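Structure assessment
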Protein chains: 2
Amino acid sequence: MESKTHEHEHEHHHHSQTKAVINRISRVTGHMQSVKTMVEEGRDCSDILIQLSAIRSAINNIGRIILQDHIDHCVVDAVESGDKKVLEDLNNAIEKFLK
Amino acid sequence: MESKTHEHEHEHHHHSQTKAVINRISRVTGHMQSVKTMVEEGRDCSDILIQLSAIRSAINNIGRIILQDHIDHCVVDAVESGDKKVLEDLNNAIEKFLK
């Protein structure tokens, strides 16, 4: 039998969606650059607002994925080990993110 | 007397806040890069969510500035010249941006 508990401790910050989150952040950064170009070129304000709205949706989705990943990994660990701080921090972050 | 009307037509896409908007977009892009680093380094999900929340606020502010600038410049011109399309586009953009 492998030492599952020991292995688990080392995986405290492991998240299965890290690569997906990084890719999405890169895409949002690229999207912001193209909006910057639109502003520089004096493109229609309406078109720029639509792109900013899409970027905001993308950021909301990134937050949702990070939150779900956190719940699936860190929170399960925290509850198992009775770590109250993790849940308090999470609640504060949700309060800020979902307002 | 200068030809005010003519001058006005050429300023159709002039916005007084363009430089400020571009600077804010650059700051948001830099902020996104630092969030990407946080994700790569496995930093606390709560901290990352708080930063994403700040980025979303910054994007909302950029949208607000663009909207106000658009109203102060293009919309006034459009109403004066009876250009309905500009107002329709603006309403569509507001609908998307403020949902």
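Just above, that's the structure.
Below or above, wherever it landed, is the structure these notes cover. Note that the structure is a prediction, hence the values are computed from the model and not measured. (Residues numbered from 1 in each chain as written. Chains lettered and ligands numbered in written order. Predicted model: local features only at pLDDT ≥ 70, side-chain atom pairs only at ≥ 80, totals over all residues. Heavy atoms only, no water.)

Looking now at the pattern of salt bridges. Residue and element names in this part refer to chain B. The tally for this structure, following the rule as stated, stands at four salt bridges over all chains. In this structure, the salt-bridge partner of Glu41 is Arg43, at a minimum N-O distance of 3.8 Å. Assessed through its relative accessible area of 56%, Glu41 is described here as exposed. For Asp89, the salt bridge identified is with Lys85, shortest N-O distance 2.9 Å. Here Asp89 pairs with Lys85, and both are found in helix α4 (residues 84-97), just four residues apart, close to one helical turn. (Salt bridge = Lys/Arg side-chain N within 4 Å of Asp/Glu carboxyl O. Buried < 20%, exposed > 50% of the residue type's maximum accessible area, 1.4 Å probe, protein only. Helix = DSSP H or I, 4+ residues; strand = E, 2+ residues; numbered from the N terminus.)

With that settled, the discussion passes to the relation of the copies chain A and chain B. Structural alignment of chain A on chain B gives an RMSD of 0.0 Å, achieved by rotating through 180° and translating 0.0 Å along the axis. Such a combination of rotation and displacement between the chain copies is what one expects of a two-fold axis. A shared binding surface is used by both copies, with 100% of the interface residues of chain A retained as interface residues in chain B. (Least-squares fit on C-alpha atoms with pLDDT ≥ 70 in both. Contact = heavy atoms within 4.5 Å.)

All names here are of chain B. As for its position among the elements, Ala78 is in helix α3 (residues 45-81). A residue is classified by how much of its surface remains accessible, and Ala78, at 1% relative accessible area, is buried. In sequence terms Ala78 and Leu49 are 29 residues apart; their C-alpha atoms lie 41 Å from each other. Residues contacting Ala78, with those up to four places away along its chain left out, are Asp83 and Val86.

Given a rise of 1.5 Å per residue, 14 residues ought to cover 20 Å, and the 20 Å separating the end C-alpha atoms of α4 of chain B matches this to within 8%. Where α4 of chain B is buried, its residues contact α3 (45-81) of chain A together with α3 of chain B. Among the residues of α4 of chain B, the N-terminal cap falls to Asp83 of chain B, whose side-chain oxygen and the backbone nitrogen of Lys85 of chain B are separated by 3.2 Å. (Expected span 1.5 Å × (residues − 1). Polar contact = N/O pair within 3.5 Å; in protein donor to acceptor, adjacent residues only side chain to side chain.)

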